[in-house]
Amino acid sequence: RFSKNEKSPVQFIRIADNQSALGISKRLNERGFQIKAMLSPTVKAGEEGLRVSLHSYNRPEEIEALFRTLKEFENFFEVKF
């Protein structure tokens, strides 16, 4: 799920475990996205996920590319892209 404040430039996408969050983060980074995995014990066990920070300099094409890439990992997320 995304963070509660949908208008925030920082969003959190929950993934059920450290291994999945870390693996997806690594694959996203390999594709040029700077997405951080938030792992337990930093977050509560079972609430691991990805921290996505959007910036004013992100172009719409970059955001669309991020969503297309996230869609490849959709079965790990509570939300669908």
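Up top you'll find the structure we're talking about.
Here's a quick rundown of the structure. On a predicted model such as this, the values are computed, not experimentally measured, just so you know.

**Focus: the nonpolar core**
Formed by 14 residues in total, the largest nonpolar core has its most connected members in Ile 24, Leu 28, Ile 35, Leu 50, Leu 66, Leu 70 and Phe 77. At the level of secondary structure, the elements contributing two or more residues to this core comprise helix H1 (18-30), strand E3 (49-53) and helix H2 (60-71).

**A closer look at the sheet that holds E3**
Pairing in this open sheet of 3 strands is antiparallel, and the strands run E1-E3-E2 from one edge to the other. Both outer strands of the open sheet, strand E1 (10-14) and strand E2 (36-38), are each paired with one neighbouring strand and no more. Ignoring strand direction, the axes of neighbouring strands in this sheet form an average angle of 30°. Where E1 meets E3, 5 bridges bridge the pair, whose relative direction is antiparallel. For Val 10, the partnering residue across the bridge sits in E3 and is Ser 53. Packed onto the sheet, H1 meets E2 and E3 and runs at close to 35° relative to E3.

What counts and how
- Each chain carries its own residue numbering, running from 1 in the written order of its sequence.
- With the structure being a predicted model, the display of local features is reserved for residues of pLDDT at least 70 and the display and counting of side-chain atom pairs for 80 or more, all residues being used for whole-chain, interface and lining totals.
- Heavy atoms from the whole structure form the basis of all side-chain values; hydrogens and water molecules are not counted.
- Side-chain atoms within 4.5 Å link the members of a nonpolar core, which is a set of buried Ala, Val, Leu, Ile, Met, Phe, Trp, Tyr and Cys residues.
- Classification of residues uses two cut-offs on accessible area relative to the type maximum, computed with a 1.4 Å probe and protein chains only: under 20% is buried, over 50% is exposed, and between them is partly exposed.
- Helical segments are the DSSP runs of H or I of at least four residues, strand segments are the runs of E of at least two, and each set is numbered from the N terminus.
- At least two DSSP bridges between two strands are needed for those strands to be called paired.
- Simply put, an axis is a line fit to the C-alpha atoms, just over the touching stretch for a helix, and the angle between two N-to-C directions goes from 0 to 180 degrees.
- The criterion used for residue contact is that any of the two residues' heavy atoms lie within 4.5 Å.

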